[in-house]
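# Structural characterization, general
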Amino acid sequence: MYRIAILISSRKGGHKFPAEAIARFISSHYKDVEIKLYNLLDIIPLANFLDKIGRWGDLNLRAFWRTGYSQLSKGNPLYASLFKYFIATIFANKSSERKIKNKIGRIDLILSFQPEVNVIGKWLKRWFGVPLYTMIMDYSSHIGWSDESVDHYYVVNEIVHKQLIEYDVPEEKIEISGAPPQSGFEEMLKTPIPLQRKKLNLVEDLPTVLVMAGYLGKMVDYEGIIKALSGCKKRIQILVVVGRNYPLYQKLQELKIPDVHPFYNVPSIHEVMWPADLVISKPGGMVIADALSLGKPMVLIDPKAGSLQERIFAEHIEKQGAGIHLRSASEVKETIERLFEEPALLKKMSDIALNLGLKNRQAAERIAQGVVDKIRAKRRI
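Residues numbered from 1 in each chain as written. Predicted model: local features only at pLDDT ≥ 70, side-chain atom pairs only at ≥ 80, totals over all residues. Heavy atoms only, no water.

Moving on: the overall build of the protein chain. From N to C terminus, the protein chain includes 19 helices and twelve strands. Here the C-alpha radius of gyration of the protein chain, 21 Å, is about what a compact globule of 381 residues would show, namely 21 Å. Once the C-alpha set of the protein chain is aligned to its principal axes, its extents read approximately 65 × 45 × 40 Å. Buried residues in the protein chain amount to 58% of all 381 residues. For the protein chain, the accessible area works out to roughly 16,900 Å², and carbon and sulfur atoms hold 53% of it. (Helix = DSSP H or I, 4+ residues; strand = E, 2+ residues; numbered from the N terminus. Rg over C-alpha atoms; globule rule 2.2 N^0.38 Å. Buried < 20%, exposed > 50% of the residue type's maximum accessible area, 1.4 Å probe, protein only. Areas by Shrake-Rupley, 256 points an atom, 1.4 Å probe, with all protein chains shown as cover.)

Each regular strand displays side chains that alternate between the two surfaces of the sheet. Across seven bridges, the pairing between strand S1 (residues 2-8) and strand S2 (residues 33-39) is parallel. Within the sheet, the bridge partner assigned to leucine 7 lies in S2 and is tyrosine 38. In the classification by handedness, the crossover that spans S1, the intervening helix H1 (residues 13-29) and the parallel S2 is right-handed. (Pairing = 2+ DSSP bridges. Right-handed = clockwise from strand over helix to strand, strands pointing away.)

As a further point, take empty space enclosed by the protein. Think of a ball as big as a water molecule: rolled over the atoms, this probe shows where empty space is left. Under the defined criterion, the tally for this structure stands at one cavity of 30 Å³ or more. Put simply, the largest cavity is a space of about 50 Å³. Along the walls of the largest cavity sit Cys232, Lys233, Lys234, Ile236, Ile336, Glu337, Phe340 and Glu341, which together make up its complete lining. Looking at the lining of the largest cavity, its residues break down into four nonpolar, no polar and four charged. (1 Å grid on protein atoms, 1.4 Å probe; cavity = no way out; pocket = protein on both sides within 12 Å on 5 of 7 lines; lining within 4 Å. Points joined across faces, edges and corners; volume = space filled by probe spheres on them. Nonpolar A, V, L, I, M, F, W, Y, C, P; charged D, E, K, R; others polar.)

Another aspect to go through is helix H13 (residues 246-255). For H13, the full list of buried residues reads Leu248, Tyr249 and Leu252. Down the axis of H13, the smallest arc covering the buried residues is 100°, so these residues share one side. Seen from the buried face of H13, the exposed residues on the opposite side, beyond 90 degrees, are Pro247 and Glu254. Of the surrounding secondary structure, the elements contacted by the buried residues of H13 are helix H12 (222-230), strand S8 (237-241) and strand S9 (260-263). A positive backbone phi angle near 50° is found at lysine 256, which sits one or two residues after H13. (Arc of directions from axis to C-beta. Contact = heavy atoms within 4.5 Å.)

Our next topic: the sheet that holds strand S4 (residues 132-136). Remark on secondary structure: sheet strands pair via backbone hydrogen bonds, oriented parallel or antiparallel. Taken in spatial order, the six strands of this open sheet run S2-S1-S3-S4-S5-S6, and their pairing is parallel. Of all the strands in the sheet, the pair left with one neighbour each is S2 and strand S6 (174-176). Here the strands of the sheet are splayed against their neighbours by 20° on average, with no regard to which way each runs. In this sheet, strand S5 (residues 152-155) lies alongside S4 in parallel orientation, the contact comprising four bridges. (Axes fitted to C-alpha atoms, helices over the stretch in contact; angles between N-to-C directions.)

Turning our eyes to something else, we now look at the pattern of salt bridges. Once their charged atoms are close, side chains differing in charge can pair, the charge on each being opposite to the other. In this structure the tally under the stated criterion is 16 salt bridges. A salt bridge links arginine 106 to aspartate 108; the shortest N-O distance between them is 3.3 Å. Note that arginine 311 is salt-bridged to aspartate 302, the shortest N-O span being 3.5 Å. Through salt bridges with shared partners, a single network forms among Arg3, Glu34 and Lys36. (Salt bridge = Lys/Arg side-chain N within 4 Å of Asp/Glu carboxyl O.)

In spatial order, the strands read S9-S8-S7-S10-S11-S12; together these six strands make up an open sheet with parallel pairing. Taken across any chain shown, the strands that pair with only one partner, and hence form the sheet edges, are S9 and strand S12 (323-326). Adjacent strand axes in the sheet meet at a mean angle of 20° when their direction is disregarded. Both strand S7 (residues 208-212) and S8 contribute to a ladder of five bridges, which runs parallel. Each residue of the ladder has a partner; that of valine 211, found in S8, is valine 240. Its contacts with the sheet place helix H15 (residues 285-294) against S7, strand S10 (278-281) and strand S11 (298-301), and it is angled at close to 170° to S11.

Time to look at unusual backbone geometry. The phi angle at asparagine 201 is positive, at roughly 60°, despite the residue not being glycine. Of note, asparagine 201 is situated in the loop between helix H11 (193-199) and S7. A positive phi angle, close to 50°, is found at lysine 256, a residue other than glycine.

In structure tokens:
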């Protein structure tokens, strides 16, 4: 039996969900492979504590966070050195080594979904003696992802491919795979949209908008967006996925706003994304991957946090014609009214999204095949 360890170091869904999608695909298609997902934050208590501080800083020290990401994306050697030194200090010590090795055990390959994992790649390879592959879900990268220890990179598009080359990653190590969406989208694509709306107790022929803000559900102005949509000329039904933000879910349940349908901690986003005519969200890599896979136009709003990379993602999607990039919720009403008044434009955006999502729909299979071929070949040597 071959064993693969998927490593992440985040509480957010943008890395967790694609990692789970790959794990599910391999488990269901390769019976000789055991694959497990490990979150380093669950193994190293200090890392978990610092992650909480980091998420607070992301929301409250936006300028600082954006500056850091900007410098990393430019390949600033000082920022890169500080970033890598900080991560190595946490994870690459004797105590962390013992905890990580005891938790993971014997493996044949590591598949990373996080730059922090890549930073300690040379230590991981020394501890386990296996290849290190990585999947970059982001639609724009930074130098923290690049490391000599990484044997192969899967990236979502040509932009990240070009960036890695600029960070001195050999081109032969980089493969444009697309971004694996959450599992379940294949079945959704075969389901008539009115039928899926009926399953969710929605009006089958009413314009429908999905509002979401990431796994933690705190990164957009939900109330401002709902208020703007409720004031549109046309009647619109609004699906609100609050992630793990239970207080907001409870509040929406109690308010019972007409045509507003809240959803908490949805296990598969496709069930509520497929019935929507368009998606309003912060521009996270995972929501973009899912929306493109289902051919859903996007209205992407700058997040509350200092996530400069997500603003770059939004600009990329807008340039390609699959979405519209907004700075704040105050622009939502006018934008949504225009889109529903111009069905030809909405249809064009949908077609572009579906076409851009082709690689995403094939990504899980492509990545799975690549890593399994690698470990089988390695064992034969």
